[in-house]
Amino acid sequence: MTEARRSKGKKRTRIAFIGGGAMGEAMVRGILGKKMAVPQDMVVSDISSVRRELLSREYGVSTLADSRDAVKNADLIILAVKPQNLHQVMDELKGLAPEQLVLSIVAGATLSSLCQGLKHSSVIRAMPNMPAQIGEGMTIWTATTETEQRQKELARTALGALGKEIYVADEKYLGMATALSGSGPAYVFLFIEALVDAGVHIGLPWDMAQQLVIQTILGSTYTVAKTGKHPADSTNMVTSPGGTTTEALLQLEKRRFRSPILEAVAADYEESKRL
Ligand SMILES: NC(=O)c1ccc[n+]([C@@H]2O[C@H](COP(=O)([O-])OP(=O)(O)OC[C@H]3O[C@@H](n4cnc5c(N)ncnc54)[C@H](OP(=O)(O)O)[C@@H]3O)[C@@H](O)[C@H]2O)c1
């Protein structure tokens, strides 16, 4: 039985993507993987013919160069272009039907700028992060008051295809989350790199150090996530009095390990408000 026949009877969701780059592709992959839609109900508009060819070859979705054609009959329109291309796209898409839902993942594009630019009121603003590209993302999202509950559920399913998602009623949290989970992967990659360097510095082969660090970070993360306790509780459990860990922690405390992290996130947030 074909995918299209199997989904017969279920209400079909027609999805249009404007922008089929790294994040657009991650969403196409995730949505197909979660069987939220079938390729026949998905269309991607991208100005790049290379991207169009790749997406139709890899995922069987329709691809178009014209965004206006792509959104015809779509229930959900996902905006996944770079911020500098958003204005042009919004100009092209003006005049959507009221029941069409727009979901933007464009960094920094606020609900009011999206509503104004599109002359449309059913709009979701989401901020995913880079691990969304492998289905392990963290997305925070919000919606206009005009967005209906069933549309929010549609957005939740689409964003869930990228990893975990959190809905917030107040848009102010998206700017803050951008500084934490949006830019967060960069902080974590830097920490991984530094820890691997530390292992190499004391004599471990690089690939062994990298393996040790990755599993240590995954295991520690799962420990905090599964116990739900304050991380300090877990730190105490690996710190014996007068032992080696306490010596290492002393060095980190002496160099004020936490302050630059707090200041870096605050600087990111301030910069995002300035932009
Ligand atoms: N990458 C991340 O980790 C991440 C995380 C959170 C949020 N985001 C947001 O997600 C959005 C997409 O990011 P990305 O990394 O996927 O960017 P990307 O890889 O550059 O993808 C954007 C795609 O849109 C195409 N495009 C440009 N103008 C267009 C137009 N008018 N109509 C249709 N397609 C057009 C681009 O083609 P050309 O390359 O030929 O211009 C490109 O293929 C951005 O707004 C970003 O802020 C990204």
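The preceding data block contains the structure.
## Quick word on the site of the ligand
Part 1 of the argument: Among the 23 residues in the neighbourhood of the ligand, the closest are listed as Ala22, Met23, Asp46, Val81 and Ala107.
Part 2 of the argument: Separating a nitrogen atom of the ligand from a backbone N or O atom of Ile47 is a distance of 3.4 Å.
Part 3 of the argument: A distance of 3.4 Å separates a nitrogen atom of the ligand from a polar atom in the side chain of Gln133.
Part 4 of the argument: When the free accessible area of the ligand is taken as 900 Å², the share hidden by the protein chains comes to 79%.
Part 5 of the argument: Of all elements in the fold, only helix H2 (22-33) and helix H5 (83-93) reach the threshold of two or more residues within the shell around the ligand.
Part 6 of the argument: Per-element tally for the shell around the ligand: the top contributor is H5, with four residues.
Part 7 of the argument: Looking at the shell around the ligand, its residues break down into 13 nonpolar, seven polar and three charged.

## A closer look at the pattern of salt bridges
Part 1 of the argument: Inspection of the entire model under this criterion finds 14 salt bridges.
Part 2 of the argument: Arg12 is the salt-bridge partner of Asp41, the closest N and O atoms lying 2.7 Å from each other. Note that Asp41 is positioned in the loop between H2 and strand S2 (42-45) and Arg12 in the loop between helix H1 (3-6) and strand S1 (15-18), a separation of 29 residues in sequence.
Part 3 of the argument: Taking the shortest distance from any N to any O, the salt bridge between Lys94 and Asp91 comes out at 3.0 Å.
Part 4 of the argument: Through salt bridges with shared partners, a single ionic network connects Glu25, Arg29 and Arg51.

## Comments concerning the sheet that holds strand S4 (residues 76-79)
Part 1 of the argument: Strand order in this open sheet of eight strands is S3-S2-S1-S4-S5-S6-S7-S8, and the pairing throughout is mixed. For this open sheet the edge positions go to strand S3 (62-64) and strand S8 (163-167), each flanked by a neighbour on one side alone. Across the sheet, the mean angle separating the axes of adjacent strands is 20° when strand polarity is ignored.
Part 2 of the argument: In terms of strand pairing, S4 meets strand S5 (residues 101-104) through four bridges, oriented parallel. From the neighbouring strand, Leu76 faces S5, where its bridge partner is Leu101.
Part 3 of the argument: Together, S4, S5, strand S6 (123-127), strand S7 (137-143) and S8 form the strand contacts of helix H7 (residues 149-160), whose direction differs from that of S8 by roughly 150°.

Scoring rules and cut-offs
Residues numbered from 1 in each chain as written. Predicted model: local features only at pLDDT ≥ 70, side-chain atom pairs only at ≥ 80, totals over all residues. Heavy atoms only, no water. Near = heavy atom within 4 Å. Polar contact = N/O pair within 3.5 Å; in protein donor to acceptor, adjacent residues only side chain to side chain. Areas by Shrake-Rupley, 256 points an atom, 1.4 Å probe, with all protein chains shown as cover. Helix = DSSP H or I, 4+ residues; strand = E, 2+ residues; numbered from the N terminus. Nonpolar A, V, L, I, M, F, W, Y, C, P; charged D, E, K, R; others polar. Salt bridge = Lys/Arg side-chain N within 4 Å of Asp/Glu carboxyl O. Pairing = 2+ DSSP bridges. Axes fitted to C-alpha atoms, helices over the stretch in contact; angles between N-to-C directions. Contact = heavy atoms within 4.5 Å.

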